[in-house]
Amino acid sequence: MDAPHLRVAVVGAGNVGRALVQMLHDSERQIALDDAATATLEVVGVAVRDLSVVRPGVPAALLTDDPLGLVTREDVDIVVEVMGGVDLARQVAEATLARGASLVTANKALMAACGTELARRADERGADLMYEASVGGAIPIIRALRTSLAGERISRVIGIVNGTTNYVLTEMTQRGLDYESALAEAQVLGYAEADPRADVEGFDAAAKVQILASLAIGTALAGEEISREGISGLRSVDVDFARRAGYVIKALGVVERVGEHGLSRRTHPALVPLDHPLASVHGAMNAVFVEGDKSGPLMWLGRGAGGEATATAVLGDLLHAARNRIAGRHDQPFTVDDRLFAVDEGEVSSVFYISLDVVDEPGVLAQVAGVFGRHDVSIQSMEQSGFAHEARLSFVSHHARTRDVEATLADLNRLSAVERVGACIRVVDGGSR
Ligand SMILES: NC(=O)c1ccc[n+]([C@@H]2O[C@H](COP(=O)([O-])OP(=O)(O)OC[C@H]3O[C@@H](n4cnc5c(N)ncnc54)[C@H](OP(=O)(O)O)[C@@H]3O)[C@@H](O)[C@H]2O)c1
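Values in this document were obtained by computation on a predicted structure and should not be read as measured data. (Residues numbered from 1 in each chain as written. Predicted model: local features only at pLDDT ≥ 70, side-chain atom pairs only at ≥ 80, totals over all residues.)

### A few points about the environment of glycine 233
And step 1. Here glycine 233 is to be found in the loop between strand 8 (227–228) and helix 11 (236–244).
And step 2. Sequence separation of glycine 233 and glutamate 201 is 32 residues, and the distance between their C-alpha atoms is 9.7 Å. (Helix = DSSP H or I, 4+ residues; strand = E, 2+ residues; numbered from the N terminus.)

See below:
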């Protein structure tokens, strides 16, 4: 008996789309792919913006510059959206699901903007919505949260989910580069965009935090309640202090339960203890560290970007969606827990590292300590280093409320002896409460 046949439309043939089409057309893989899909897969069209570009591995006869025309074709069973952006991608997604075709996407911006709504539509139409590549590139974290950990109560997810910032911070740590030089090098090597703001200011990580929160804890995928801090203010002195104190600075995306139904979602740099598994994630690598009540700690590590690495995750989704289609079923969307609420981030407590440049004169330390004390921020360690007429004071607090630390910084800024408030960075697992 002939194997069933499914038709696939690919929207986008850039880094990811081209690698995917090449994998689907690799003759050495055909038997394995057909087995995994329980069907033969045929790419019936590939949408791009510029038809004149030569794309090795993508047959010119498949190209079209009409993505909506392609995905509304009657014979298309599964659409793969690897174009990026939100507006047109959303139209592509809606048109696909309206026909009852399944959608595979790598687009975190799309999922963060309207993932809950798309999941609902897919479910109504008996179709799949899959987005493994939207967080952590090749790392299979979405499926792990959606299936293997579906019955576990997850208390915290910490991710190094942006390769650009991890590369910059690794270069600052290992080679002693300052922020500007490390970023310039990342741009030359293609790890950072010419306009790096989406990465270094935490926007990209925030979209991934939204997606992780929806799957790990059950929040709706929408809204702007992500507290976001980037890495552009970090200085070499902070990186040096971290190393001397037994930490390394990493840019993290964090999803954390606070109490029974409170949820903190945030992106920020943090001091990570050197013996924490995330401390050894270097360069452009990504990792996701998950803590479950019964499972304990788990970690996934891998390539968070790159056309081929990301295309493996897209391909896995495509094969799974194909199997489902042949079997006449679809995956359930994630469950939204209506009892969850976004906590006031000012109330969330953490250990903080704070650095100050002060004038080097008697009585300054007492003034500074007085400000900390007034706001109930107690200090677990302090380091002083002097240079000319100035000194740098570096503090690590005990657990303190974010709001109290912010008030402390505001008052410290008003002290005439304080030349500059430098860093204020959270410390991961920084001691008892
Ligand atoms: N690259 C990665 O490492 C990575 C990792 C994880 C997730 N992702 C996600 O994967 C998606 C694709 O990323 P990418 O790096 O492959 O992007 P890319 O290299 O910029 O490719 C985008 C593709 O979409 C096409 N396109 C853009 N606008 C279009 C339009 N209006 N009409 C038709 N086609 C259009 C482009 O056509 P032209 O080629 O003609 O310009 C190009 O082929 C994004 O959502 C991204 O966030 C990427």
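Here the narrative resumes.
### With respect to the domain arrangement of the protein
Interface size is commonly expressed as the accessible surface area that is lost when the partners come together.
And step 1. Here the protein is partitioned into domain 1 (5–137 + 307–327), domain 2 (142–303) and domain 3 (348–427).
And step 2. For domain 1 and domain 3, the distance between their C-alpha centres works out to 51 Å. (Domains from an automatic or database assignment.)

### Thoughts on helix 4 (residues 87–98)
And step 1. Taking 1.5 Å of rise per residue, 12 residues should cover 16 Å, and helix 4 covers 16 Å from first to last C-alpha, within 8% of that figure.
And step 2. Elements that come into contact with the buried residues of helix 4 comprise strand 1 (5–11), helix 3 (67–71), strand 4 (78–81), strand 5 (102–105) and helix 5 (108–124).
And step 3. Backbone geometry just downstream of helix 4 places glycine 100 in the positive-phi region, at approximately 85°. (Expected span 1.5 Å × (residues − 1). Contact = placed C-beta atoms within 7 Å.)

### Here we look at the site of the ligand
And step 1. Neighbouring the ligand are 26 residues, the closest being Gly12, Gly14, Gly84, Ala106 and Ala305.
And step 2. Counting only elements with at least two residues in the shell around the ligand, the list comes to helix 1 (15–24) and helix 12 (307–327).
And step 3. Of all the elements, helix 1 adds the most residues to the shell around the ligand, at 3 residues.
And step 4. Of the residues assigned to the shell around the ligand, the class counts are 12 nonpolar, 10 polar and 4 charged. (Near = placed C-beta within 6 Å. Nonpolar A, V, L, I, M, F, W, Y, C, P; charged D, E, K, R; others polar.)

### Describing the nonpolar core
And step 1. In terms of nonpolar packing, the biggest core is built from 132 residues, with Val11, Leu20, Val80 and Val314 touching the most fellow members.
And step 2. Those residues in contact with leucine 20, other than ones at most four positions away along the chain, are Val10, Val80, Val82, Ala311, Val314 and Leu315. (Core = buried A, V, L, I, M, F, W, Y, C linked by C-beta atoms within 7 Å. Buried ≥ 20, exposed ≤ 12 C-beta atoms within 10 Å, placed from the backbone.)

### Remarks on the packing of helix 4 against helix 5
And step 1. Packing of helix 4 against helix 5 leaves a shortest axis separation of 11 Å and a crossing angle of 10°. On the basis of the axis angle, helix 4 is roughly parallel to helix 5. Of the residues in helix 5, those touching helix 4 at Ala89, Arg90, Ala93 and Leu97 are Leu110, Cys114, Leu118, Arg121 and Ala122.
And step 2. Classifying every residue of the contact of helix 4 with helix 5 by side-chain character gives 7 nonpolar, no polar and 2 charged. (Axes fitted to C-alpha atoms, helices over the stretch in contact; angles between N-to-C directions. Parallel < 35°, antiparallel > 145°, perpendicular 65-115°, else oblique.)

### Details of the sheet that holds strand 4
And step 1. Here we have 6 strands laid out as an open sheet, ordered 3-2-1-4-5-6, and parallel in their pairing. Whereas interior strands pair on both sides, the edge strands pair on one side only; in this sheet they are strand 3 (63–64) and strand 6 (129–130).
And step 2. As paired strands, strand 5 and strand 6 are joined by 2 bridges and run parallel to one another. Considered in strand 6, the bridge of valine 104 is made with methionine 130.
And step 3. Contacts from helix 4 reach strand 1, strand 4 and strand 5, with the element oriented near 170° to strand 4. (Pairing = 2+ DSSP bridges.)

### A closer look at the packing of helix 7 (residues 163–175) against helix 8 (residues 179–188)
And step 1. With their axes 9 Å apart at the nearest point, helix 7 and helix 8 run at an angle of 130° to one another. Taken together, the axes of helix 7 and helix 8 lie oblique to each other. Classified by chirality, the crossing of helix 8 by helix 7 is right-handed. Two secondary-structure elements touch here, helix 7 through Thr164, Tyr167, Val168, Glu171 and Met172 and helix 8 through Tyr179, Ala182, Leu183, Glu185 and Ala186.
And step 2. Across the contact of helix 7 with helix 8, the residue classes tally to 7 nonpolar, 1 polar and 2 charged. (Left-handed = near helix turned anticlockwise from the far one by under 90°.)

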